[in-house]
Amino acid sequence: MQAFVSTIEMKTDAKGRVSVPKAFRAVLAADGFKGLYCLPSPDGQSLDAGGNGFFATIEAKLADLDPTSFEYDLLATAFFGESEILSMDKEGRIALPARLKAAAGIDSDVVFVGKGHKFQLWSPERYTSYRQQAVQQARSVLWGSPGPTSSAPSNLDAPAGGAPQ
């Protein structure tokens, strides 16, 4: 399985379209989907996007629920009701609907962030803030909350053994 990886900032063109990064288009093509599914992320800060694999993950989550239940109805509304299927032109550009741009605070620049089975679209300002928090919390998950005498690394690089010494 190919995965969406990397962080790439792109600018919108005069018509408000943005190019999906070439590496992300390759993953979508391998997935067999010519466009992409796009919806507001549960965090309310960005947009989630992907192809058939991403959509299958959402369907699997819903398959665990009784389709007549209130929980199913809530998730189906959040996932399916809020989703858009976006087409890519031959140059790999998409036009984000105003509703989705507003949900993610996207204006002219878009940050594409790979998340494995999906990718996210962020405004640069929101992503900068989120990334700082995510890195701090990831360090805590990986190495525990560093105390005042902790020797946890102060940058993203762990020692060769993969854990702080």
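Scroll up to find the structure.
Let us look at the structure shown here.

**So, the overall build of the protein**
When you go through the protein residue by residue, the secondary structure sums to 5 helices and 8 strands. Reading the protein from its N end, one meets helices and strands in the order β-β-α-β-β-α-α-β-β-α-β-β-α. When each of the 165 residues of the protein is scored for burial, the buried share is 32%. Working note: accessible area of the protein is about 9,700 Å², and carbon and sulfur atoms make up 54% of it.

**Re the packing of helix α2 (residues 52-63) against helix α3 (residues 70-81)**
The N-to-C vectors of α2 and α3 enclose an angle of 170°; their axes lie 10 Å apart at closest approach. Taken as axis vectors, α2 and α3 run roughly antiparallel relative to one another. From α2, Phe55, Ile58, Glu59 and Leu62 reach across to α3, where they touch Tyr72, Leu75, Ala76, Phe79 and Phe80. The class makeup of the residues in the contact of α2 with α3 is 8 nonpolar, no polar and 1 charged.

**Side note on the sheet that holds strand β7 (residues 109-114)**
Strand order across the open sheet formed by 6 strands is β1-β7-β8-β4-β3-β5, with antiparallel pairing between neighbours. The open sheet has two free edges, formed respectively by β1 (7-11) and β5 (84-87), since each of these has just one partner strand. Strand-to-strand twist in this sheet, taken as the mean axis angle between neighbours without regard to direction, amounts to 30°. For strand β3 (residues 35-40) and β5, the ladder comprises 4 bridges, and the chain directions are antiparallel. The partner of Cys38 across the bridge, within β5, is Glu84. In the packing of α2 onto the sheet, contacts are made with β3 and β4 (47-50), and the angle to β3 comes to roughly 45°.

**Here's the deal with unusual backbone geometry**
The residue Ser6 is not glycine, and still its phi comes out positive at about 100°. Topologically, Ser6 is positioned in the segment before β1. Its relative accessible area of 43% is what places Ser6 among the partly exposed residues.

**Some remarks on the packing of aromatic side chains**
Scanning all chains against the criterion turns up 10 aromatic pairs. Their ring planes at 75° and their centres at 5.6 Å tell us that Phe4 and Phe24 sit as a pair that is edge-to-face. In this pair, Phe4 sits in the segment before β1 while Phe24 sits in helix α1 (residues 22-31), placing the two residues 20 residues apart along the sequence. For Phe4, a relative accessible area of 3% translates into the label buried. We classify Phe24 as buried; its relative accessible area is 0%.

**Topic: α2**
Here α2 is 12 residues long and its end C-alpha atoms lie 16 Å apart, about the 16 Å a rise of 1.5 Å per residue gives. Within α2 the residues assigned to the buried category are Phe54, Phe55, Ile58 and Leu62. Angularly, the buried residues of α2 cover 100° about the axis, an arc narrow enough to put them on a single face.

**Details of the nonpolar core**
Soluble globular proteins tend to bury their nonpolar side chains together. By size, the foremost hydrophobic cluster in this structure holds 21 residues, and its most contacted members are Leu36, Ile94, Phe119 and Leu121. Residue contributions to this core peak at 3 residues, all from α1. Every residue in contact with Leu36, bar those within four places of it in the chain, is listed here: Val20, Leu28, Ala49, Gly50, Glu84, Ile85, Leu86, Ile94 and Phe119. In terms of nonpolar packing, the next biggest core, distinct from the first, is built from 8 residues, Leu39, Phe55, Leu62 and Phe79 among them.

What counts and what doesn't
- Numbers given to residues run from 1 along each chain, matching the order in which its sequence is written.
- The model is predicted, so local features are restricted to residues of pLDDT at least 70 and side-chain atom pairs to those at 80 or more, both for listing and for counting; the totals for chains, interfaces and linings are taken over all residues.
- Hydrogens and waters are ignored; side-chain quantities use all the structure's heavy atoms.
- To qualify as a helix, a DSSP run of H or I must reach at least 4 residues; to qualify as a strand, a run of E must reach at least 2; elements of each kind are numbered from the N terminus.
- When a residue's accessible area, from a 1.4 Å probe over protein chains only, is under 20% of the maximum for its type it is buried; when over 50% it is exposed; and in between it is partly exposed.
- Exposure was quantified through the Shrake-Rupley algorithm and a 1.4 Å probe, taking into account, for residues, occlusion by the shown protein chains and nothing else.
- Lines fitted to the C-alpha atoms define the axes, with helices restricted to the stretch that makes contact. Angles between their N-to-C directions range from 0 to 180 degrees.
- With respect to orientation, any angle under 35 degrees is reported as roughly parallel, any angle over 145 as roughly antiparallel, any angle of 65 to 115 as roughly perpendicular, and every other angle as oblique.
- Any two residues having at least one pair of non-hydrogen atoms within 4.5 Å are treated as being in contact.
- Three classes are used, and their members are as follows: Ala, Val, Leu, Ile, Met, Phe, Trp, Tyr, Cys and Pro are nonpolar, Asp, Glu, Lys and Arg are charged, and the others, Gly among them, are polar.
- When DSSP finds two or more bridges between two strands, those strands count as paired.
- In this analysis, rings of Phe, Tyr and Trp, with Trp reduced to its six-membered ring, are considered paired at centre separations within 6.5 Å, and the interplanar angle assigns stacked below 30 degrees, edge-to-face beyond 60, and tilted for intermediate values.
- Helix span is expected to be 1.5 Å times the residue number reduced by one.
- Each direction from the helix axis to a C-beta atom contributes to the arc, which is the arc of those directions.
- Grouping buried Ala, Val, Leu, Ile, Met, Phe, Trp, Tyr and Cys residues that are joined through side-chain atoms within 4.5 Å yields what is termed a nonpolar core.

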